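Fold and contact review
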Amino acid sequence: MMNGIKLFGILLFALSVGFVYKTTRKQLSFEHFPAFFSKPLINNNTNTNTNSNTNTNTHTNTNTNANINTNVNTNTNASMNPEEILRDGNGVIFLETTDRMEPPSLVLCAIESAARVYPDRPVVFFMKGLTDINSEEDEKRAKERFPSLSAFKNVYIFPLRMEELFKDTPLLEWYLKANKRWERYWIHNLSDGCRMAMIWRYGGLYFDADVISMRPIPENNFFTAQSTDTSGSSVFGLTPRNKFAWKCLNDFVLNYNGDIWGHQGPDLFTRVLKPLCGTEFKVVEDIICGNISCLNPERIYPIPYQNWRKYFEVWKELPSFSNSYGVHLWNYMNRDEKKSIVPGSNTLVDHLYKQYCPTVHGSL
């Protein structure tokens, strides 16, 4: 009897455990782990993937923004130097060889006109009085000195460092030994040396800061004659490390005479060009001497230096300058009379400013 009761108790306990286990399993399966056993499995996975993708995209966007910010910061603080800007050998170069930091409107007009005519080229203004430029932020601050130029993205301003420029050229020794205080034309001779070293080192185009550009010059290796028998030195262009430029640098030192006006400029270019052009140097039309083009005087000097005052006169009929790439205003001839543009005067120079450097003209 007692054994029967024990057996019945064991059986009843087993049935109770089985019922509890079955009930608990069902509840655990569907109430506590629905994501694994219910129909919304696919949707939940989809949502999970969507959230995962969303998070990934969020990270991607964050990284993109980080890259944008990094690029902005990198660009702002990036190393800024002439070698980088002029690396393609197609720059347009202007020089200020004095410590002057407030260039007259003609200089700003020359730079603006070049920036407009050559929008796909860097236009670089080297200034002796400028402090070091080490980043884009430095360069931006330098451009802010000249509001009329700050809007032009292809205009850059750098310090002019003579010893760095003349390094590895015949001009370095000349520069270090020159009697700067005793030379009558020192600034002009220095400018002549700088422009030749610049074009030898970087290539591209050189413009005097009193040349207003009108249309692109289609040549790479060229000089511009200022008269039919004399090359000018106000506008010329060569490829980097050009052999002709090296000949000019050597001639500069070997035949240096600081007491003769133009001896290191137009006269030097004429001396070096003549052997390439045959027995007679006559530039009535554009000619080619060796692999150098010599452009006729009308290209840059349509008004000869004897008539420089015509730029400051009112004309009954304005010249078209249809055969000119630019005009040289002979600012050196104007050193005594100090003529300058008068906005609204209707002079030729007033019209040139309005057409080719309207930003500078509007600021006057």
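The paragraphs below set out a description of the structure included in this document. It should be emphasised that the depicted structure is a prediction, and the values quoted were computed from it without experimental measurement.

Reading the values: rules and limits
- Residues numbered from 1 in each chain as written.
- Predicted model: local features only at pLDDT ≥ 70, side-chain atom pairs only at ≥ 80, totals over all residues.
- Heavy atoms only, no water.
- Helix = DSSP H or I, 4+ residues; strand = E, 2+ residues; numbered from the N terminus.
- Expected span 1.5 Å × (residues − 1).
- Buried < 20%, exposed > 50% of the residue type's maximum accessible area, 1.4 Å probe, protein only.
- Contact = heavy atoms within 4.5 Å.
- Core = buried A, V, L, I, M, F, W, Y, C linked by side-chain atoms within 4.5 Å.
- Axes fitted to C-alpha atoms, helices over the stretch in contact; angles between N-to-C directions.
- Parallel < 35°, antiparallel > 145°, perpendicular 65-115°, else oblique.
- Left-handed = near helix turned anticlockwise from the far one by under 90°.
- Pairing = 2+ DSSP bridges.
- Right-handed = clockwise from strand over helix to strand, strands pointing away.
- 1 Å grid on protein atoms, 1.4 Å probe; cavity = no way out; pocket = protein on both sides within 12 Å on 5 of 7 lines; lining within 4 Å.
- Points joined across faces, edges and corners; volume = space filled by probe spheres on them.
- Nonpolar A, V, L, I, M, F, W, Y, C, P; charged D, E, K, R; others polar.
- Disulfide = S-S within 2.5 Å.

**Section: helix H12 (residues 266–277)**
- Taking 1.5 Å per residue, twelve residues should reach 16 Å; H12 reaches 16 Å between its end C-alpha atoms and fits that length.
- Every buried residue of H12 is listed here: Pro266, Leu268, Phe269, Thr270, Val272, Leu273 and Cys277.
- Packing partners of the buried residues in H12 comprise helix H10 (186–202), strand S6 (222–227), strand S7 (230–238), helix H11 (243–254), strand S8 (287–289) and strand S9 (292–295).

**A look at H11**
- Given a rise of 1.5 Å per residue, twelve residues ought to cover 16 Å, and the 16 Å separating the end C-alpha atoms of H11 matches this to within 8%.
- Those residues of H11 that are buried are in contact with helix H9 (171–177), H10, S6, S7, H12 and S9.

**What about the nonpolar core?**
- Of all hydrophobic cores here, the largest spans 99 residues; its most connected members are Phe94, Phe126 and Phe166.
- The residues touching Phe166, leaving out its near neighbours within four places in the chain, are Leu171, Leu172, Trp174, Tyr175, Leu190, Gly193, Cys194, Ala197 and Arg201.

**Quick word on the packing of H11 against H12**
- Relative orientation of the contacting elements H11 and H12 amounts to 130°, with a least axis distance of 10 Å. When the interaxial angle is binned, H11 and H12 end up oblique. Pair H11 / H12 crosses with right-handed handedness. Residues Phe244, Lys247, Cys248, Asp251 and Phe252 of H11 touch H12, and the partners they reach there are Leu268, Phe269, Arg271, Val272, Leu273 and Leu276.

**Structural notes on the sheet that holds strand S1 (residues 92–96)**
- Across the sheet, eight strands lie side by side as S3-S2-S1-S4-S7-S6-S9-S8; this open sheet has mixed pairing. Each of the sheet's edge strands pairs with one partner strand only, and the pair in question is strand S3 (155–159) and S8. Looking at each pair of strands side by side, their axes are set apart by 30° on average, direction ignored.
- Relative to S3, strand S2 (residues 123–127) runs parallel, the two being bridged by five bridges. Bridge pairing in S3 links Phe126 to Phe158.
- Packed onto the sheet, H12 meets S6, S7, S8 and S9 and runs at close to 80° relative to S7.

**Here we look at the pairing of S2**
- Among the five residues of S2, five are classified as buried, and the element is accordingly described as predominantly covered.
- Covered by surrounding structure in S2 are Val123, Phe125 and Met127 together with Val124 and Phe126, the residues of both alternating faces.
- As defined by bridge partners, S1 adjoins S2 across five bridges and the pair is classed as parallel. In the sheet register, Ile93 faces S2, and the bridge partner there is Val124.
- In this region the chain leaves S1, passes through helix H5 (residues 105–117) and returns to the parallel neighbour S2; the handedness of that crossover is right-handed.

**Thoughts on the packing of H10 against H11**
- Where H10 meets H11, the axes come as close as 9 Å, and the angle between the chain directions of the two elements is 150°. Here H11 runs roughly antiparallel to H10, going by the angle between their axes. Handedness of the H10/H11 crossing: left-handed. Of H11, the residues touching H10 (which contributes Asn189, Asp192, Gly193, Met196, Ala197 and Trp200) are Ala245, Trp246, Cys248, Leu249 and Phe252.

**Examining the layout of surface pockets**
- Volume-wise, the largest pocket comes out at about 1,400 Å³.
- In this structure, the largest pocket is lined by 41 residues; those nearest its centre are His188, Asp208, Asp210, Asn331 and Tyr332.
- Going through the elements one at a time, S1, H5, H10, S7, H12 and helix H13 (348–356) are the ones with two or more residues in the lining of the largest pocket.
- Among the elements that line the lining of the largest pocket, the one with the most residues is H10, at five residues.
- A per-class count over the lining of the largest pocket returns 18 nonpolar, 13 polar and ten charged.
- Looking at the second largest pocket, its volume works out to about 380 Å³.
- Contributing to the lining of the second largest pocket are twelve residues, with Glu136, Glu139, Lys140, Lys143 and Lys153 lying nearest its centre.
- If you list the elements that add at least two residues to the lining of the second largest pocket, you get helix H6 (136–143) and S3.
- Counting residues per element, the lining of the second largest pocket draws most heavily on H6, at five residues.

**Regarding the state of the cysteines**
- Applying the stated criterion to the full structure yields two disulfides.
- For Cys109, the disulfide goes to Cys357, at an S-S distance of 2.0 Å. Handedness here is read from the sign of the S-S torsion; for Cys109 and Cys357, about -85°, the answer is left-handed. On the criterion of sequence distance, the pair formed by Cys109 in helix H5 and Cys357 in the loop between H13 and helix H14 (358–363) is long-range, its members being 248 residues apart.
- Residue Cys277 pairs covalently with Cys289 via a disulfide, S to S 1.8 Å. Because the sign of the S-S torsion sets the handedness, a value of about 110° for the bond joining Cys277 and Cys289 places this disulfide among the right-handed ones. Taken together, the positions of Cys277 in helix H12 and Cys289 in strand S8 put the pair twelve residues apart, joining distant regions of the chain.

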